[in-house]
Amino acid sequence: MSKEWEPRIVAFFCTWCTYTAADLAGISRMTYAPNARIIRVMCSGRVDPQFVLKAFADGADGVLIGGCHPGDCHYQAGNYKALRRYTLLKRLITELGIEPERLRLEWISASEGDRVQKVMNEMAETIRKLGPLRLERPLPQPLTSPVPSPQAERVRVRSERGAVPLTVSGSGL
Amino acid sequence: MSKPKVGFYWCASCGGCEEAVVDLAEDILKVVEAVDIVFWPVALDFKRSDVEALRDGELAACFVNGAIRTSEQEEMAELLRKKSQLLIAFGSCSHLGGVPGLANLWDRQAIFDYVYKEAPSVTNPEGVVPQEQTKLGSNGYALTLPSFRDSVRTLDQTVEVDYYLPGCPPPVKIIANAVTAILENKLPPKGTVLAPDKALCEECPRKPTKPDKLALKELKRPHQTLIDPEKCLLAQGLLCLGPATRSGCVVPCVSANMPCTGCLGPTSRVKDYGAKALSAIASLIDSEDEREIAALMEQIVDPVGTFYRYSLPASLLHRRIRNLSSSPAEAGEGEQSRRSLAGGAQA
């Protein structure tokens, strides 16, 4: 790797608040660290801890979760679920050797474009100080291909040509 | 017509899985009637050379229990893979890494240092640790030991596996069903876990007492409370992993007042058992206050040991990445623990 290392951050933003705020930041032409790949989810409560671990396992140096402020969740309590999972997950990843600062949960409402800018910059700075996560060993993969689940999860992915149904096999990811 | 040949082998395991085969009791006679057991180190005196003498694919099925930790276990897994038509991961350790897989919180060096030098019950002033090769005296004869890897792996991270029998140990019913399916050649697609694909709560005798909405204000461990033998354990505040665990065990633990610890692993929709179990339990906590949530979570003393008790090697991260000096699990282990886990030894 000749190129200088840049922090890689995966950001899960809830569509109602934080993602809209990120849109607002964009429309308002605010500049912020370009290190995050934003993944839009319907609710911060949709962020399965598996998503976070998968991001780390696949090379993310940090994971950011953004949801509505307490009391503001579009689905009443999704952000509280996110908070509970995050609290426990943070302890788990620390024991597994990932610095707790690499995982961050933020409440950002749709009007807080400036907060997106601030949090993104802070997160990039934090990760830059920590350095790359660098999983030292290649993680062993099962040599057996997984069986597609009988109830394979169906998700819809929006492309330029419209909504395309996509069948995701057994993994749940 | 000669009977189909089968084998049993053990790797990094406790022997409980062998016990489970013996637990078939009189039914083992039916098995022996139908098949020839040609390799079973725990019970029969066949050697590795006997397996080597078999033709490739001569074993109709081989059941391998235990995780893969040493070079010898890797060689045996490869040899048995070659000789078997069906290679079946038998039990939690070969399926997901099992309890021995929790050793992935440390590496070879840390384990050797503790086990051979630092453990309070050890006296080893000369600091003797096992060597892979030891030259004896003047005749130059060398004794060898298998090499001990940095990480524990599952069987399917070592060789291709056809089917999985989950559980610690696999429940007799599941073994019997699998043996029948093999003998009658009624097997599902390759890679299937041969157990029901739904959560344990579905077959739990306490299910009727499970409230529609579980809300936990406290997380207790079994020794901290008098357990009601009828009522849902989660509703009593006990950390039962039934909601995240595959069923098929006929619920012996919960029936004996012990919460499920998750030995059958996840259902087919879940990739990382620990993360999903953590998610399930965390969602049930009845609090919306950040500090109170943190305090409640503190009642889970050992998150990795609780949620990854049987599945750390099969998890997304596979092992502890490095030692953080601030890590609570490491507190008090001194200088030793701060050494970063040196990589590279594991293939």
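Remember, it's a predicted structure, so these values are computed and weren't measured experimentally.

## Remarks on the overall build of chain A
Consideration 1: When its secondary structure is counted, chain A shows 4 helices and 6 strands.
Consideration 2: The linear arrangement of helices and strands in chain A, starting from the amino end, is β-α-β-α-β-α-β-α-β-β.
Consideration 3: A buried classification covers 47% of the 173 residues belonging to chain A.
Consideration 4: A sequence separation of at least 24 residues applies to 72% of the contacts in chain A between residues at least 6 apart.

## Description of the sheet that holds strand β1 (residues 9-14) of chain A
In a beta sheet, neighbouring strands pair by backbone hydrogen bonds and run either parallel or antiparallel.
All names here are of chain A.
Consideration 1: With respect to topology, 4 strands assemble into an open sheet ordered β2-β1-β3-β4, the strand pairing being parallel. On the outer flanks of this sheet lie β2 (36-41) and β4 (103-107), each paired with one strand and no other. For this sheet the average axis-to-axis angle between neighbouring strands, irrespective of direction, equals 20°.
Consideration 2: For β1 and strand β3 (residues 62-67), the ladder comprises 5 bridges, and the chain directions are parallel.

## What about helix α2 (residues 49-57) of chain A?
Consideration 1: Within α2(A), 8 of the 9 residues are buried, which leaves the element mostly enclosed by the surrounding structure.
Consideration 2: The complete set of buried residues in α2(A) reads A:Pro49, A:Gln50, A:Phe51, A:Val52, A:Leu53, A:Lys54, A:Ala55 and A:Phe56.
Consideration 3: Contacts made by the buried residues of α2(A) are with β1, β3, α3 (78-95) and β4 of chain A together with α9 (273-284) of chain B.
Consideration 4: The positive-phi residue at the C-terminal boundary of α2(A) is A:Gly59, with phi of around 115°.

## Considerations on the domain arrangement of chain B
Note: interface size is frequently given as the accessible area lost on complex formation between the parts.
Consideration 1: Per the domain assignment, the segments making up chain B are domain 1 (5-97 + 154-183), domain 2 (106-149) and domain 3 (200-307).
Consideration 2: Look at where the C-alpha atoms of domain 2 of chain B and domain 3 of chain B centre, and you get two points 41 Å apart.

## Considerations on the nonpolar core
Consideration 1: Counting 137 residues, the largest nonpolar core has B:Cys62 and B:Val64 as its most contacted members.
Consideration 2: It is α3(A) that provides the largest number of residues to this core, a total of 8 residues.
Consideration 3: Two domains each put at least three residues into this core: domain 1 (5-97 + 154-183) and domain 3 (200-307) of chain B.
Consideration 4: Those residues in contact with B:Cys62, other than ones at most four positions away along the chain, are B:Val6, B:Gly7, B:Tyr9, B:Leu80, B:Ser84, B:Leu87 and B:Ile88.

About the thresholds
- Residues numbered from 1 in each chain as written.
- Chains lettered and ligands numbered in written order.
- Predicted model: local features only at pLDDT ≥ 70, side-chain atom pairs only at ≥ 80, totals over all residues.
- Helix = DSSP H or I, 4+ residues; strand = E, 2+ residues; numbered from the N terminus.
- Buried ≥ 20, exposed ≤ 12 C-beta atoms within 10 Å, placed from the backbone.
- Contact = placed C-beta atoms within 7 Å.
- Pairing = 2+ DSSP bridges.
- Axes fitted to C-alpha atoms, helices over the stretch in contact; angles between N-to-C directions.
- Domains from an automatic or database assignment.
- Core = buried A, V, L, I, M, F, W, Y, C linked by C-beta atoms within 7 Å.

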